[in-house]
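Notes for the structure review
These are the residues of each chain, in order.
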Amino acid sequence: MREKGMIVVREFNPEKDCLAVEEVERRCEVGPSGKISLFTDLKGDPICRVRHSPAFLMLVAEMVGEDKEKEIVGMIRGCIKTVTCGKKLSRVGKNIASTTTTTTATATTTTAGLTSDLIKLAPVYTKLAYILGLRVSPSHRRMGIALKLVTRMEEWFRDSGAEYSYMATDNDNQASVKLFTDKCGYSKFRTPSILVQPVFAHRVKIPNAVTIFYIPPSDAEALYRRRFSTTEFFPRDIDSVLNNKLNLGTYIAVLKEAFGYAAWPGVDRFLSDPPESWAVLSVWNCMDVFTLEVRGASMVKRLIARTTRLVDCALPWLGLPSIPAVFRPFGLLFLYGLGGEGPRAVKLVRALCGHAHNVAKERGCGVVATEVASREPLRLGVPHWKWLSCAEDLWCMKRLGEDYSDGSVGDWTKSPPGLSIFVDPREV
């Protein structure tokens, strides 16, 4: 029988709420009987997954009993940032297009063929909120607590000037999908893929034909802004991301035969005369934020995994795939900002992923992961194991205000998906 009482939603107090919040997390992480489940350890910091965002808030739902006793029975996290929601002609591009189209009919035809160097596209930004870490204790579900938490969080979003709110969930989590789409007014928006690769006991060999450069944060910022700022969800404060202590670096891969520099020449020189094919990605250290653990696996599966690891450790030169120790807490590195150009870009992305794997191995991580749009062409270069990955993550979005950030975009929730998205590692 459920206890009677009043639900109060208030801001999380780190000085007195941590133990109670951890208990709710523990209760919610009881996996289905007989099935493998993934559990997260936040290392005693309930706001670790949002604290690196420009603005964040954590709320708790507290049950106040008739005897005035209080118990935390739910929680939610939220953060706000400014991101790209579309693109438009820049002032330079508008002037070129206007000059070209007002001359003759022939010139109008030529406009469509102008190169990107002449027609410049500029990002359209909006203030976007993100909901994550919604939890309600199993003993207090079906009482409207989750709805209260979401509603209160959205009030903070609106008061902070956010124009849109979105959340991500497993496509199979029907309870979460129904809550947000049926009761909270969210629409299914994007279905990216989470690609996960285990870290082997051996190092991944990088092709001799490929050169990988580390580029400093200032060059990485310039590269991302000049080439990827019109990508959906691109964070306007990309400099804060790249200069964060959790960012392990940005790397560019090129083909040796097509690149005339033995060392990184600098972003200006690189972009003024780029090679035919190149690729870039950045690496984020999630291991210092949280750890993961696979539970519910049978003894047979554990034995098979251990055997593959022993063989890989004993014979590393064979390069045999092996399963890391995922049945105890392990860390991960997250790859973000994947991009590139040219016919060999997929091959170069694969080389970069191999380099990231080796960085993860040196740091003792269990897996390397990334998240890409469902139509991302470069996903073909991302090594991953299907049983560890999620082919269709679900992002749902809601428009919070009546006004739009830019008339050229309109209602972002109704826009068609592009080829790529930029996944902010601060929200992993």
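Thresholds, definitions, all that
Residues numbered from 1 in each chain as written. Predicted model: local features only at pLDDT ≥ 70, side-chain atom pairs only at ≥ 80, totals over all residues. Heavy atoms only, no water. Helix = DSSP H or I, 4+ residues; strand = E, 2+ residues; numbered from the N terminus. Contact = heavy atoms within 4.5 Å. Pairing = 2+ DSSP bridges. Axes fitted to C-alpha atoms, helices over the stretch in contact; angles between N-to-C directions. Phe/Tyr/Trp six-rings, centres within 6.5 Å; stacked < 30°, edge-to-face > 60°. Buried < 20%, exposed > 50% of the residue type's maximum accessible area, 1.4 Å probe, protein only. Lys NZ or Arg CZ within 6 Å of the ring centre and 35° of its normal.

1. Regarding the environment of Ile36
- Relative to the assigned elements, Ile36 resides in the loop between α1 (18-28) and β2 (37-41).
- Spatially, the C-alpha atom of Ile36 lies 6.8 Å from that of Val294, the residues being 258 residues apart in sequence.
- Not counting residues up to four positions away in its chain, the partners in contact with Ile36 are Val294, Arg295, Gly296, Ala297 and Lys301.

2. Brief notes about the sheet that holds strand β8 (residues 193-198)
- Across the sheet, 6 strands lie side by side as β8-β14-β13-β11-β10-β9; this open sheet has mixed pairing. At either end of the open sheet lies a strand with only one pairing partner, and these are β8 and β9 (210-215). Averaged over all neighbouring strand pairs, the angle between strand axes comes to 25°, with direction disregarded.
- In this sheet, strand β13 (residues 332-341) lies alongside strand β11 (residues 278-285) in antiparallel orientation, the contact comprising 7 bridges. When the sheet's bridge partners are listed, Ser282 is paired in β13 with Tyr336.
- On top of the sheet, helix α6 (residues 217-228) reaches β9, β10 (247-255), β11 and β13; it is set at about 120° to β11, its chief contact.

3. Looking at the packing of aromatic side chains
- With the rule as written, the count across this model stands at 25 aromatic pairs.
- Ring geometry for Tyr336 versus Phe422: centroids 6.2 Å apart, planes at 70°, classification edge-to-face. Here Phe422 lies in the segment after β15 (393-399) and Tyr336 lies in strand β13, a separation of 86 residues in the sequence. Judged on exposure class, the residue Tyr336 and its partner Phe422 are both buried.
- An aromatic cluster is built from Phe213, Tyr224, Phe228, Phe234, Phe259, Tyr261, Trp264, Phe270, Trp278, Trp284, Tyr336 and Phe422, whose rings are joined through pairwise contacts.
- The ring of Phe189 has Arg190 sitting right over it, with the charged end atom 3.7 Å from the ring centre.
- One residue, Arg295, lies across the ring of Phe39, its end atom 4.5 Å from the ring centre.

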